[in-house]
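Summary of the model geometry
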Amino acid sequence: MAEIGRLLTAMVTPFDEKGKVDYAQAKKLAHALLDSGSDGVVLSGTTGESPTLTTDEKMRLFGEVKESVGDKGAVIAGTGTYNTAESVELSQEAEKMGVDGLLLVVPYYNKPPQEGIYRHFKAIADSTNSLPCIVYNIMGRTGVNMTDETTIRLSQIDNIIGTKEASGDMNQIARIIDGASPGFKVWSGDDNQTFLIMSIGGYGVVSVVSHLVGNQIKHMMGLLLEGDIEGAATEHRRLLPIFLGMFTESNPIPVKYAVNQIGMRVGEPRLPMVPPSKEAVAHINKLLGQYDIDLPVSA
């Protein structure tokens, strides 16, 4: 299977002044992210406001961005929903668009038991022509934790290549890294935990803050991989305020505001998301003044 990459950006979905998906701007943003440290982009994830995108919008987004970036970086399609049959259909359609892999979130709202989670992901993985699948555990959004036992069991399916872990449970994450099938990768699902997860054997991160400081995150990861723990820890601590600052309100409200502020037009979020509060705006503006921003807005 194709190499997906250690630093993936969960890309915001640009909207125009009328609230419609701005596909041209999405292609510009994807290129800019790949030019500022990212190995690939995840489209129609949480940060991409997937619950408010129609199926037609998702498929056009997948197809146009992949056609534009080509082999420059991986394009991962967020196709997981709380409906297994719908997730299968979306995944098969995304595969036709030429994407490099799928991100599949634990089913939300219906709170399935662990056996249901396992069968849900297995059904989606089995429905593709061996397209790489990354499962995504984020209890804060889904209402249910995918246990390490379930993740380890899923790691035995050939085209489930890894997990995006946002449980915040380092013991659980360590057990996954220790017990999963050889080659199974663990990406951090939280920017502020990338250093910790990679320190115990994790592979990388599906990042939000790489919209702003992608090269700096890549540098921190490189230090870790070179064995410079002290240097990586120093970089982690330096970046921690902006990691936390982009989550002062529900993602992607802060990061979308920040990307607009630095000159890359991505529009406002769609309802039920709203622009950030005055307090959040002041905090984000202060943070943007404290860091060198990597994103090439002229791209």
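Check the entry above for the structure.
Rules and cut-offs
- Residue numbering note: each chain is counted from 1, following its sequence as written.
- Predicted model: local features are reported for residues with pLDDT of at least 70 only, side-chain atom pairs are reported and counted for 80 or more only, and whole-chain, interface and lining totals are derived from all residues.
- As a convention, hydrogens and water are excluded, and side-chain values are obtained from all of the structure's heavy atoms.
- Any pair of Phe, Tyr and Trp rings, taking the six-membered ring for Trp, is counted once the centres come within 6.5 Å. Such a pair is stacked with planes under 30 degrees apart, edge-to-face with planes over 60 apart, and tilted for the rest.
- Comment: elements are numbered from the N terminus, with helices defined as DSSP H or I runs of at least four residues and strands as E runs of at least two.
- Partly exposed residues are those whose accessible area sits between 20% and 50% of the maximum for their type, while under 20% is buried and over 50% is exposed, using a 1.4 Å probe and protein chains only.
- In this scheme, the term charge over a ring applies when either NZ of a lysine or CZ of an arginine sits within 6 Å of the ring centre and within 35 degrees of the ring normal.
- For a helix, the expected span equals 1.5 Å multiplied by the residue count minus one.
- Each residue is assigned a bend, namely the angle between axes fitted to the seven residues that terminate at it and the seven residues that start at it.
- Two residues qualify as a contact provided that any one of their heavy atoms is within 4.5 Å of a heavy atom in the partner residue.

Glancing now at the packing of aromatic side chains. Taken as a whole and judged by the stated rule, the model has two aromatic pairs. Geometrically, the ring pair formed by tyrosine 82 and tyrosine 108 is tilted, given 4.8 Å between the ring centres and 50° between the ring planes. You can see tyrosine 82 sitting in the loop between strand S3 (74-78) and helix H3 (84-96) and its partner tyrosine 108 sitting in the loop between strand S4 (101-105) and helix H4 (114-127), a full 26 residues away along the chain. Exposure remark for tyrosine 82: the relative accessible area of 43% places this residue in the partly exposed category. Taking the relative accessible area as the measure of exposure, tyrosine 108 reaches 26% and is therefore partly exposed. Relative to tyrosine 203, the ring of tryptophan 187 lies with its centre 5.4 Å away and its plane at 85°, an arrangement referred to as edge-to-face. Here tryptophan 187, found in strand S7 (residues 185-188), pairs with tyrosine 203, found in the loop between helix H8 (194-199) and strand S8 (204-207); they are 16 residues apart in sequence, far enough to count as distant. Take tryptophan 187 and tyrosine 203: they sit in the same class, and that class is buried. A cation over an aromatic ring shows up here: lysine 164 above the ring of tyrosine 136, its NZ or CZ 4.0 Å from the ring centre. Residue placement shows lysine 185 over the ring face of tyrosine 203; its charged tip is 5.1 Å from the ring centre.

A few words now on helix H9 (residues 210-225). For H9, with 16 residues, the first-to-last C-alpha span of 18 Å runs short of the 22 Å given by 1.5 Å per residue. Remark: the principal bend of H9, roughly 40°, maps to glutamine 216. Positive phi shows up at glycine 227, right after H9, with a value of about 90°.

Looking now at helix H2 (residues 55-69). The first and last C-alpha atoms of H2 sit 21 Å apart over 15 residues, in line with the 21 Å expected at 1.5 Å per residue. Listing the buried residues of H2 in full gives Glu57, Lys58, Met59, Leu61, Phe62, Gly63, Val65, Lys66 and Val69. Residues of H2 that are buried sit in contact with helix H1 (23-34), strand S2 (40-43), S3 and H3.

That bond from asparagine 251 to proline 252 is cis: its omega, 10°, falls within 30 degrees of zero. With respect to the helices and strands, the residue proline 252 is situated in the loop between helix H10 (229-245) and helix H11 (253-261). Cis peptide bonds are those with omega within 30 degrees of zero, and the linkage from leucine 271 to proline 272 qualifies with 15°. Examined against the element boundaries, proline 272 turns out to sit in the loop between H11 and helix H12 (278-288). A positive phi is found at glutamate 49, a non-glycine position, where the angle reads about 60°. Mapped onto the secondary structure, glutamate 49 falls in the loop between S2 and H2. On the basis of relative accessibility, which here comes to 4%, the residue glutamate 49 falls in the buried class. Unlike most non-glycine residues, lysine 111 shows phi in positive territory, near 50°.

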